[in-house]
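Residues per chain are reported as follows:
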Amino acid sequence: MSKFNHRWKQAGAQALAALFCASTWAAVPPIPRQFTMQGVATGYSSPVRIDVDFYSASSGGTHLFSETFSSVSLTPDGIFNINVGSNTFGGIPDSAFAGAQIWVQLTFNTTDVWPRTQMLAVPFAIKSYYAENLVKPDSMDAAVTVDYAGLVNVSSDLRSNSRSYWLYAADPDEGGEGSKVELANSFNAPTLRLDGDNRLDDATGYKGGGEIELYNGNHAGGFGTSKVTMKLAGSDAVNGFPGDGNLELYDGNACLRCRLHSGRDASAGSLGLFMGQCSDQGSHQTVRLQASETYGEGAFMALTNPSDYYTIVLDGDQTGSGFGASGLIRIRTADDKDAIRLSAVRRNGEAEMTMFQTNYLGVVKEAVVIEAQDANGGGTVLLKGPINGDTDIVLMGGDQNLASNGRFSMYDNSGNEVVQITSGMTSSGDATLELRDDDGRVQIGMYVDYGGSDIGRIKTGEIEITGADVAERFPASETLTPGMVVAIDPEHAGKLCVARGAYNHSVAGVVSGANGLNVGAILGNRPESADAPPIALTGRVWVQCDATSAAIVPGDLLTTSDMPGHAMKATQRKRAHGAVIGKAMTSLEQGQRGLVLVLINLQ
């Protein structure tokens with residue numbers, strides 16, 4: 001029967017050295033993540049395969065680690081020697097030691113499983129007691145200790161010219177007023193500083209607050225140098241009062257780019273964003289956001305241009321009175337002049353928006369003024385000219401004092417009102433449009449309800465209509481098309497129909513719109529006749545004509561024909577009386593049918 005026993009040799013003495021490897025006090029090589037396992041196995045032929053497994057219990061439990069040695073040589077006495085962890089990249093992982101207890105199981109040649117053995121410490125590993133302390137080089141004197149409460153204590157003289165960190169019980173460089181921790185990178189350049197007192201001098205009479213500073217490591221300025229990229233202060237000793245927090249962000253050249261302050265000016269929180277090249281005065285502040293402006297009366301936000309002029313201003317209290325006055329938005333030009341102003345309360349106690357312009361003399365004047373309520377009680381829009389700032393256009397809402405509704409007015413260069421449109425005048429209560437001359441006289445007037453008569457009226461000296469005829473919409477008893485001659489329907493009172501028969505004395509006119517010639521004016525456009533065809537009563541229209549019996553030439557009188565809806569030349573004078581449509585203005589050869597331009601004149 002095969003016999004097996006094994007023992008481990010652990011590098012326990014190296015456990016203490018592992019605690020010093022993070023420090024630069026001494027160059028200590030890293031501890032291998034392996035341990036030697038020796039044993040005696042009889043009854044096996046050399047070489048053998050050995051599988052090593054870690055478990056969390058003597059039986060069952062959680063499997064923690066596995067490693068295989070495929071060809072292990074045995075001495076004639078069956079002695080073997082393996083380095084557990086040597087076949088695993090990086091050595092034995094931390095997860096292999098996750099159990100409170102660790103039991104090791106060996107398997108020979110994949111089938112011969114030997115009982116598990118608990119992993120125990122080797123005698124020299126008792127020195128791991130000193131892992132509770134960090135000792136000074138070449139001694140066992142404690143430099144850093146940890147008590148049972150978990151408090152870490154560091155001696156105040158722990159310093160070195162080459163360091164990963166400095167931890168001072170009191171900062172000797174600043175008069176010892178506060179403790180400090182500094183962390184450095186591999187180039188010996190500070191990357192993090194924790195300061196118990198960020199006070200720069202005693203002139204203020206106040207103790208500074210705690211501060212955290214982050215640096216960018218080894219900078220191009222030289223070996224071991226670095227520049228600040230962030231400051232977080234519990235009390236800003238320079239810009240604030242005791243207890244005011246401050247956060248500052250810098251770029252890679254230590255130029256200030258952002259500042260967040262819990263109390264600034266009159267202890268109001270503020271946010272500042274900065275840009276531009278760094279100088280002795282610092283970066284240029286382009287954004288300023290403050291919880292209350294100057295004396296705490298209202299929040300304030302400003303955006304500036306490279307010339308330090310405010311270009312956009314949002315003010316929670318435009319008056320500065322501190323009594324809940326209205327807010328203000330201002331958009332300004334690059335030369336520090338107002339361009340747009342939006343006020344919650346101004347002039348008449350209501351909101352207003354003003355846009356500005358610069359005239360030829362370089363004087364800034366109002367260009368557009370929008371008021372929620374003007375002096376007369378209605379909202380207005382004022383558009384002003386570029387020369388003297390005189391009003392050119394006025395849009396006015398409901399005017400309570402004049403008992404009228406909205407109004408639109410336009411003015412000439414002399415300030416005379418030349419156009420006025422109102423949705424309701426005092427005298428009539430309905431909409432009007434008036435165009436005036438330089439003397440203020442109405443030359444064209446349009447009135448929805450003229451003189452309270454409920455009748456619309458256009459009043460002017462002359463009307464020019466670009467259409468070709470005057471027509472009226474008549475209801476029809478059958479379908480009518482443009483150019484068709486129509487007559488009074490004897491069977492349907494008040495309606496028209498297609499004209500039938502020669503010399504029809506019931507002829508009423510011609511349907512307008514044939515051959516693309518539009519109607520000039522339409523009469524009798526009553527709601528009940530909205531879909532009725534327009535019938536030309538006078539003027540020019542294209543007419544369907546029949547020249548079967550006689551040619552038509554300009555000047556011929558035309559009457560109805562036997563072809564329904566068509567006109568023909570009137571050759572019988574006596575019969576034509578009362579049946580004439582009008583006079584032909586174009587020709588149509590004998591034997592043809594087609595459109596003829598006719599001057600309508602019923603007779």
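About the thresholds
Residues numbered from 1 in each chain as written. Predicted model: local features only at pLDDT ≥ 70, side-chain atom pairs only at ≥ 80, totals over all residues. Heavy atoms only, no water. Patch = residues over 30% accessible without salt bridge, like charges linked within 9 Å, V, L, I, M, F, W, Y side chains within 5 Å. Areas by Shrake-Rupley, 256 points an atom, 1.4 Å probe, with all protein chains shown as cover. Salt bridge = Lys/Arg side-chain N within 4 Å of Asp/Glu carboxyl O. Helix = DSSP H or I, 4+ residues; strand = E, 2+ residues; numbered from the N terminus. Buried < 20%, exposed > 50% of the residue type's maximum accessible area, 1.4 Å probe, protein only. Lys, Arg positive; Asp, Glu negative; His and termini not counted. Polar contact = N/O pair within 3.5 Å; in protein donor to acceptor, adjacent residues only side chain to side chain. Contact = heavy atoms within 4.5 Å. Pairing = 2+ DSSP bridges.

Attention shifts here to a nonpolar patch on the surface. A contiguous nonpolar patch, built from Ile 444, Met 446, Ile 458, Ile 463 and Ile 465 and spanning about 470 Å² of accessible area, is present on the exposed surface. Relative to the assigned elements, Ile 458 resides in strand β33 (residues 457–460). For Ile 458, a relative accessible area of 52% puts it in the exposed group.

When you line up the elements, Asp 53 lands in strand β3 (residues 48–55). Buried charge without a salt bridge: Asp 53, with Arg 49 as the nearest opposite-charge side chain at an N-O distance of 8.3 Å. Within the structure, the side chain of Asp 53 is placed 2.8 Å from the side chain of His 63, a separation counted as a polar contact. Leave out the neighbours within four places in its chain, and Asp 53 touches His 63, Phe 65, Ser 66, Trp 103, Val 104 and Gln 105.

Here we take up the pattern of salt bridges. Per the counting criterion, the structure on display carries 6 salt bridges. Taking the shortest distance from any N to any O, the salt bridge between Arg 33 and Asp 94 comes out at 2.3 Å. In this pair, Arg 33 is assigned in the loop between α1 (13–18) and β2 (35–41) and Asp 94 in the loop between β5 (79–84) and β6 (103–108), connecting sequence segments 61 residues apart. Classification of Arg 33 by relative accessible area gives partly exposed; the value is 37%. Linking Asp 437 and Arg 441 is a salt bridge whose minimum nitrogen-to-oxygen distance equals 3.0 Å. Given a relative accessible area of 17%, Asp 437 falls into the buried group. Since its relative accessible area comes to 49%, Arg 441 is described here as partly exposed.

Before going further, it helps to examine unusual backbone geometry. As a rule of thumb, non-glycine residues mostly have phi less than zero, and peptide bonds are mostly trans rather than cis. Here the bond from Ser 46 into Pro 47 is cis, since omega is 0°, no more than 30 degrees from zero. Relative to the assigned elements, Pro 47 resides in the loop between β2 and β3. The phi torsion at Asn 109 lies on the positive side, around 55°, for a residue other than glycine. Mapped onto the elements of the fold, Asn 109 is located in the loop between β6 and β7 (112–113). Positive phi, normally seen in glycine, also occurs at Tyr 503, with a value near 55°. With respect to the secondary-structure elements, Tyr 503 resides in the loop between β36 (496–498) and β37 (507–511).

Of all 5 residues in strand β42 (residues 580–584), 4 are buried, a share of seventy percent or more. Sheet topology note: the strand β40 (residues 557–560)/β42 ladder contains 3 bridges and is antiparallel. Looking at the pairing, Leu 557 lines up with Lys 583 of β42.

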